Amino acid sequence: QVQLVESGGGLVQAGGSLRLSCAASGLTFSSYIMGWFRQAPGKEREFVARIDYDGNSDYTESVKGRFTISRDNAKNTIYLQMKSLKPEDTAVYHCAAGGLFAAMAPEQYTSWGQGTQVTVSG
């Protein structure tokens, strides 16, 4: 049974930083693209970033230069370092595991964590 557990969310002022973590279990970590998505109240789930086993990554345009996704394959963990946070980054952040060709669509990911709340005050 795949389990993804996020941590690291919280309340931060605009311009601040947070680092999210996602610990994965019950899967062959190297076989999965790992991603971060976010969902704000009243909005659809939105792609944030993805990373493959070799560390190649993609980002949505609005977070480029501010967020960095990384993974520690030895620990089955991914991270999202968020800097220069803005109020519009406020959302529940979910990590997800997808197949080798998973890209930016939520339906391409098969396992999801419960999410961690990030609130940026302006």
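Chemist: Which parts of the structure should I look at to understand the sheet that holds strand 8 (residues 77–82)?
Modeler: In sheet architecture, strand pairing relies on hydrogen bonds along the backbone and comes in two forms, parallel and antiparallel. Strand order in the open sheet formed by four strands is 1-3-8-7, and the pairing between neighbours is antiparallel. A strand with exactly one partner marks an edge of an open sheet, and here the two such strands are strand 1 (3–7) and strand 7 (67–72). With direction set aside, neighbouring strand axes in the sheet form an average angle of 15°.

Chemist: Explain the state of the cysteines here, please?
Modeler: Disulfide: a covalent bond formed between the sulfur atoms of two cysteine residues. Per the stated rule, a full pass over the model turns up one disulfide. In this model C22 forms its disulfide with C95; the gap between the sulfur atoms is 1.9 Å. Residues C22 and C95 are joined through a disulfide that is right-handed, its torsion about the S-S bond being 40°. Taken together, the positions of C22 in strand 3 (residues 18–25) and C95 in strand 9 (residues 91–98) put the pair 73 residues apart, joining distant regions of the chain.

Chemist: Which parts of the structure should I look at to understand the side chain of R38?
Modeler: In this fold, R38 is placed in strand 4 (residues 33–39). There is a polar contact of 3.4 Å between the side chain of R38 and the side chain of S62. Side chain to side chain, R38 and D89 meet in a polar contact 2.9 Å long.

Chemist: Honestly, the nonpolar core in this entry has me stumped. Any pointers?
Modeler: Grouped burial of nonpolar side chains is what soluble globular proteins tend to show. Formed by 27 residues in total, the largest nonpolar core has its most connected members in W36, V48, F67, L80, M82 and Y93. The set of elements that each furnish at least two residues to this core consists of strand 3, strand 4, strand 5 (46–51), strand 7, strand 8, strand 9 and strand 11 (116–121). Once residues within four sequence positions are removed from consideration, V48 is found in contact with W36, F37, R38, D58, Y59, T60, V63, F67, L80 and Y93.

Chemist: Help me understand the side chain of H94, please; the structure alone is not making it clear to me.
Modeler: With respect to the helices and strands, the residue H94 is situated in strand 9. Overall, the relative accessible area of 8% leaves H94 in the buried class. A distance of 3.1 Å separates a polar side-chain atom of H94 from the backbone oxygen of G113. Those residues in contact with H94 that sit more than four places away from it in its chain are E6, G35, W36, F37, R45, W112, G113, Q114 and G115.

Calculation rules
- Residues numbered from 1 in each chain as written.
- Predicted model: local features only at pLDDT ≥ 70, side-chain atom pairs only at ≥ 80, totals over all residues.
- Heavy atoms only, no water.
- Pairing = 2+ DSSP bridges.
- Helix = DSSP H or I, 4+ residues; strand = E, 2+ residues; numbered from the N terminus.
- Axes fitted to C-alpha atoms, helices over the stretch in contact; angles between N-to-C directions.
- Disulfide = S-S within 2.5 Å.
- Polar contact = N/O pair within 3.5 Å; in protein donor to acceptor, adjacent residues only side chain to side chain.
- Core = buried A, V, L, I, M, F, W, Y, C linked by side-chain atoms within 4.5 Å.
- Buried < 20%, exposed > 50% of the residue type's maximum accessible area, 1.4 Å probe, protein only.
- Contact = heavy atoms within 4.5 Å.

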